[in-house]
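# Observations on the three-dimensional arrangement
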Amino acid sequence: MAAMARPSPMMKKLCSSALLLLLLCCFLLTGALAEERFYEFVVKETPVKRLCMTQKIITVNDRFPGPTIEVYNGDTLAIKAVNLAQYNVTLHWHGLRQLRNGWADGPEFVTQCPIRPGHSYTYRFTIQEQEGTLWWHAHSSWLRATVHGALIIHPKRGLPYPFPKPHREFPVILAEWWRRDPIAVLRQSMITGAPPNVSDTFLINGQPGDFLPCSSQGDHLYSAPRLFG
Ligand SMILES: [Cu+2]
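These figures come from a predicted structure and were not determined experimentally. (Residues numbered from 1 in each chain as written. Predicted model: local features only at pLDDT ≥ 70, side-chain atom pairs only at ≥ 80, totals over all residues.)

Across its full length, the protein holds two helices and ten strands. Along the protein, from the amino end to the carboxyl end, the secondary structure elements read α-β-β-β-β-β-β-β-β-β-α-β. Taken across its 229 residues, the protein has 25% of its residues classed as buried. Counting only contacts in the protein whose residues sit at least 6 apart along the sequence, the fraction spanning at least 24 positions is 66%. (Helix = DSSP H or I, 4+ residues; strand = E, 2+ residues; numbered from the N terminus. Buried ≥ 20, exposed ≤ 12 C-beta atoms within 10 Å, placed from the backbone. Contact = placed C-beta atoms within 7 Å.)

Now for the nonpolar core. Membership of the largest hydrophobic core comes to 31 residues, with the highest contact counts inside it found for Val43, Ala81, Leu91, Tyr123 and Leu143. Every element with two or more residues in this core is listed here: β1 (36-50), β2 (53-60), β4 (76-83), β5 (91-94), β6 (120-126), β7 (132-138) and β8 (148-154). Once you skip the residues sitting within four places of it in the chain, Leu91 turns out to touch Phe41, Ile79, Ala81, Gly106, Tyr123, Trp136, Ala138 and His139. (Core = buried A, V, L, I, M, F, W, Y, C linked by C-beta atoms within 7 Å.)

Another point: the sheet that holds β6. Read from one edge to the other, the open sheet built from four strands follows the order β2-β1-β4-β6, with strand pairing classed as mixed. Unpaired on one side and paired on the other, β2 and β6 mark the two borders of the sheet. For this sheet, the mean inter-axis angle between neighbouring strands, taken without regard to orientation, is 25 degrees. Pairing of β4 with β6 involves seven bridges; the strand directions are antiparallel. Looking across to β6, one finds that Thr76 is bridged to Thr126. (Pairing = 2+ DSSP bridges. Axes fitted to C-alpha atoms, helices over the stretch in contact; angles between N-to-C directions.)

The next thing to look at is the sheet that holds β7. Spatial ordering of the open sheet is given by β3-β8-β7-β5, a layout of four strands whose pairing is mixed. A single partner strand is all that each edge strand has here, and the edge strands are β3 (69-72) and β5. Geometrically, the sheet is characterised by an average inter-axis angle of 25 degrees between neighbouring strands, direction not taken into account.

Okay, the environment of Pro213 next. The topology assignment puts Pro213 in the segment after β10 (201-204). Expressed as a C-alpha distance, the spacing of Pro213 and Cys52, which sit 161 residues apart in the sequence, is 6.7 Å. Residue contacts for Pro213: discarding those within four places in its chain leaves Leu51 and Cys52.

In this section: unusual backbone geometry. For the bond from Phe64 to Pro65, the omega torsion is -10 degrees, close enough to zero to count as cis. Relative to the assigned elements, Pro65 resides in the loop between β2 and β3. At Asp62, a residue that is not glycine, the phi angle is positive and equals roughly 65 degrees. Tracing the backbone through its elements, the reader meets Asp62 in the loop between β2 and β3.

Per-residue pLDDT for the protein has a mean of 87; in total, 85% of the residues score no lower than 70. Note that residues 218-222 has pLDDT below 50 and, in this model, 15 contacts with residues that lie over four places away or in other chains. (pLDDT = per-residue confidence, 0-100.)

Set out below in structure tokens:
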């Protein structure tokens with residue numbers, strides 16, 4: 001039986017160079033596909049009607065729930081938060097790993113000073129090896145009750161999720177609703193020392209459901225997808 005020819009040192013060098021070149025191309029290609037995405041979040045008071053009553057709540061861009069952020073793994077997000085509300089505010093990206101940029105995480109007086117009324121701050125961070133649906137929310141007092149939304153991270157461009165493609169995808173956001181300003185509910189609890197009043201209803205995508213009075217007239221600012229029936 002003939003012995004197999006051993007690769008010459010020159011051939012070995014060529015092979016390892018080709019491999020290195022291939023790895024470099026893959027690295028550059030993934031980097032080239034990543035984008036920077038910019039959002040402007042204007043935090044302000046907005047009248048919203050729920051449970052037969054119009055209330056002024058704090059929203060982002062007049063929307064409740066707030067805007068959905070949609071990015072791809074590897075993208076960089078720049079979110080300019082403009083605070084036109086009467087409260088201090090910060091924004092937090094729940095579940096997102098803040099590697100080497102903890103100052104973009106959001107908890108007020110922990111990783112940053114709050115954004116004062118009339119001021120703005122730009123959060124900038126890169127999604128690093130995360131995918132799936134998270135959420136963002138205010139991280140000051142109880143503003144998160146109305147200042148929140150979905151944060152959807154797709155796999156890197158051209159790559160699938162590690163499960164079969166679903167028939168349809170849409171965010172489902174659960175929240176609570178008080179017939180009062182949530183900040184006032186919290187303040188009352190702090191003054192009295194009693195637990196905060198329980199909420200008046202639960203919401204799915206900002207809506208209380210068909211079985212409550214005035215549900216159908218709820219709100220013209222956000223159209224919830226029909227979930228059931
Ligand atoms: Cu959170």
